[in-house]
Structure formats: structure tokens, C-alpha cells
Amino acid sequence: MNELLGSIGRRVIGVFSFYTGLISLLYYSIATHFSKRTRGKKIVYNIAIQQIYFTGVQALGIIGLIAFAFGAIIGLVVFQIAVGLSPTAKDYAGFIMVMSLVDVLGPLITAIIVIARSGTAMATEIANMVVRNEMLALESMAINTLNYIVLPRVVGMVVSIVCLVVFFCVVAVVTVMGLAWFVDPANEFGKTAALFFAEMDFFKVLGIVVKAVFFGCGISLICIINGFKVLMYPGGAPVSGIRGVVGSLQYVVVVGGILTVLFLL
Amino acid sequence: MANEIIQCQHVGFSAGGTTILHDLHAAVPAGEVLFIAGKSGCGKSTIMRIMAGLNYPTSGDVLMRGLSLRKAFNHQLMANHAQNGYVFQDNALISNLTIFDNIALPLRYNERGTEAEIREQVDKILETFDLVDDRMNRPAALSMGEMKMAALARAVITKPTLLFMDEPIASLDRVRVEMVKEEVRVLRQTGTTFVIIAHEADFADEFATRIWYMDKGRLLNNWSAEELGDRKRKVLEDII
């Protein structure tokens, strides 16, 4: 029993240390950038823009496709089931489906796709840079790696995920609305749309954006840290990538759940 | 001493339970060309990185231009790095940048001139090191010799007062070796201090004003070229 408790305790301390480390890394990256002594801000902005392009713009196609697929499949299933429900339940079927897509599935699925596309790439890229001494080379040129490597990737990831989540939600909702209009233009579409727009107040939108920001920060920092820790892993860069992905997935599921509950309260 | 650019004060370094450097205590006077010689694995690259401030000693300290590298704040360390150049043994070019951008990076990041001035400087150094045709290529597309020249170009473009070179002429053909030697001659005239690891006795014989001989992490000898006199060539051939 003591062994078990000790093991759980160590695990909890390890997780706590890891996440406080992430917060420290984020803080020092931002603080370094805004320090008067720090140079190279124009280069850092350019890197952030490149990151937005690779993570955000290039993912629009797949995000749009998956959002459409989710909206269509879930919409078809729910409307099919709703045929046999009472009129009141039928009214709310579309609305519940839309809110699930926007509140939960949209941010989560977007985060998972970004982890798969960009998270692995980020962790592996940084791991390879460490192994090839490129990080030391940057330091030897008086280039602060917090400013040059960490911050633009975090900013790029956050901006990309926020935009992609919004894009996912818009595509999914439009798909569902389109289905509702197709199934019963006078009834389903009107009621679903009215209920949806009544619910989408400022705080709902803020909740979705906050979730996306948390996901963006967490995914990028977890992948970056695992990249930097490559020399601790016997498998090298591929293991850094895997650990970045797994850590990011755990993070989005746990933090997404916590934020969903918090905003519901 | 007042004119020492680097002072290693009882520097020790251990990693993974192995002691790599043992109590290294020596100084590098400004303007000297220091060659560090010894067998592979004796700690040459390790001490060079510690002297350059790219790694921390496990014990002891290094003073660079009077600044303790152990106690320095990050901005002080960066200010020191800005006056140095480093040529890595494996070149360490940034793989997702072109050769042009690699060489321009220290100038652009540290805002040493307008973009037009930087481009002019980089174009000039690309011509000097015969890299004009490779300017838009990524490092992976270059040969080892071309990468070495690009790494050297990146290190010297900032006109460093202290230049670290880890195997600068390894895997270079005779023409490129001569280019490297010419660059060393030019920089020596400006008073640049060099710390060089090389396994070529000719190269060391031509330029070394000070020689450290290391074995198993210990500094066994610290010779000046003056004290060696005519024996310099023989000593270098024995130890390199």
C-alpha cells in the first residue's frame, strides 16, 4: 500500500513539476522577447508567420474536410434518431448536436489533427537541431533560443489553433444547418438555428477561444520540451516526436475536460 | 594577467559519471593563436566549448574578458558571444535555412546593419569562400568541404575578436585549406585571438603561438612558440 501511495505521489509531483516547467518556459520566452536587450524581433515575427502558415493555412483543407464529415455524419445520425422522438426532443436534437460540435468536438478534434500534423514535426525538428548542435550554434551567434526557437512556435501554434477551431466550428455548424434545412426546411432548420444563435453569446465564444489558446500553448510547449530533451531518450528524435504527441494528447483531453466543466459552471 | 582574454580556473567537467576534464588551470593571452592538441577523446572539444561559454564546467570557472561565465547573466553571456565566432567540428549549419541565410543570420538577428548592407557583406564573403553557386542551397545539398567553408564564413562574418575553430581544415582540399589559412592570416592582423583544434601539424606549425597538449582530460603541457623555438615542428609532429 505504501509503495502504491509512494508511486502515485511521485507521479503527481512529476506531473506538477512538468507543468510548472511549461509555465516557466512560456513566461521566460515572453519576458525575453520584450526585454529591451533582446534583438532579432523582426526575424522572430517572420518565423511565427511561417509557423502559422505551416500549422494553420496548410491544415485548412483537412480541417474543413473533417469538420464537414463530422457535421454530416453526426447530423444524419441525430436527425434520423430524432424522427422517432417527441416534438420537444426533436426541437433540441439539432441544437444539442451543434453545441457538442462547437463546445467539445471542434476544439478537441482540431487539436488532435494539429498534434498529428505539426506536433510531431515540431518535436522532431527541435530534437534534430539539438542532436546536430544547431542549438549550440545559435547560442554561439548570440541568438537567444527562447526568443528564436520557442516563442515564435508557441505564438504560431496558438494563432493557428484558434483560427482552425473557429473554422472547424463554422464548417461543422453550416453542415448541420444545411442538413437540417434539407431534412425539414420549415421546422428543423429554423428551430436549430434559433436555438444555436441564442446560445452563442460572448462567453460561449470566449470559452471556445480560451480552450483553443490553452491547447495551442500546451501542445507547442510540450512538443518543444520533448524536442529539447532528446539526449535523454535512447531512441533519439523519433522518441521525442512520440513523447510530444502522447503528452499533447493527454494534455488536450484533460485540460479540455476541465475547461469545458469550468465554462459550464 | 591583464591581457588574458580567457582564464580557465581549475576547470573540471563530468558527465554521466565520467570525469572528462581534470582541474584544467591555464590562460589564453589576447592575440594568441592557441592550438589544443591530443588524442581523440582527451577532452579537447569539451574544453573548447566550456571556454566559449557553450557549456558550464562542473567545477571551477572560466573568465572571458574578465566576465565569470558561471556567474554571468544571460544578457552578459550573449554580449560575449556576439564578439566571438565558433566553427563546429560538425559544422552545425541551420538545416532549414539556405547557405545565404545561415551566413547572414548572426548579422540579421543582432541587427548589424541594414538588410542591403548585410546582403553586400554576405555576397562578398560568399565570393571569398567560393560559395556563390551554393548560396540558395540548403546545407544538406552541400559537400562536407562546402559546409565547412559555409560554417567558417558564418563564424567570421561578424569580425570576431575571439574565434574558436574545431577541426577547421578537416576534409578540405588543398585549395580550400589555403582559403582558411588566408582568412586566419587576415584576422590575425586585426588582433583576433584563436583557439583551434586541428590534427594537421603543418597548419599548427604555421600559426600556433601557444600549444596545449592534453591527455585523458588533463592539460599536460602549455607551451608557447617562443619557448619551443626550433623544436616546435618536432613537438607538433609528436603530439598531433
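For the structure itself, look to the data block above.
Residues numbered from 1 in each chain as written. Chains lettered and ligands numbered in written order. Predicted model: local features only at pLDDT ≥ 70, side-chain atom pairs only at ≥ 80, totals over all residues. Heavy atoms only, no water.

## Observations concerning the pattern of salt bridges
In a structure, side chains of opposite charge can pair up when their charged atoms sit close to one another.
Residues and elements named next belong to chain B.
Alright, step 1. Scanning the model with the defined rule gives 17 salt bridges over all chains in all.
Alright, step 2. Notably, a salt bridge pairs E115 with R119, separated by 3.3 Å at the nearest N-O pair. With E115 and R119 both in helix α4 (residues 115-128) and 4 residues apart, this pair spans about one turn of that helix.
Alright, step 3. On the basis of relative accessible area, R119 is assigned to the partly exposed category, the value being 40%.
Alright, step 4. The salt bridge partner of D123 is R135, with a shortest N-O separation of 2.8 Å. With D123 in helix α4 and R135 in the loop between α4 and α5 (144-156), the pair connects residues that are 12 residues apart, well separated along the chain.
Alright, step 5. Note on D123: relative accessible area 30%, which makes it partly exposed.
Alright, step 6. The class of R135 is partly exposed, set by a relative accessible area of 25%.
Alright, step 7. When salt bridges with common partners are traced through the structure, they connect E178, K181, E182, R185 and E206 into a single cluster. (Salt bridge = Lys/Arg side-chain N within 4 Å of Asp/Glu carboxyl O. Helix = DSSP H or I, 4+ residues; strand = E, 2+ residues; numbered from the N terminus. Buried < 20%, exposed > 50% of the residue type's maximum accessible area, 1.4 Å probe, protein only.)

## Structural notes on the interface of chain A and chain B
A common way to report how large an interface is uses the accessible area buried once the components associate.
Alright, step 1. Counting from both sides, the interface comprises 22 residues of chain A and, opposite them, 24 residues of chain B.
Alright, step 2. In total, about 2,100 Å² of surface goes out of reach between chain A and chain B, with carbon and sulfur atoms giving 59% of it.
Alright, step 3. It is S140(A), M141(A) and A142(A) in chain A that bury the most area against chain B; as a group they hold 25% of the surface buried on that side.
Alright, step 4. On inspection of chain A and its partner chain B, the count reaches 0 salt bridges.
Alright, step 5. Of all elements in the fold, only α2 (41-55), α4 (87-131), α5 (134-140) and α6 (145-183) of chain A reach the threshold of two or more residues within the side of chain A that touches chain B.
Alright, step 6. Looking at the side of chain A that touches chain B, the element that brings in the most residues is α5(A), giving 6 residues. (Contact = heavy atoms within 4.5 Å. Buried area = accessible area lost by both parts, 1.4 Å probe.)

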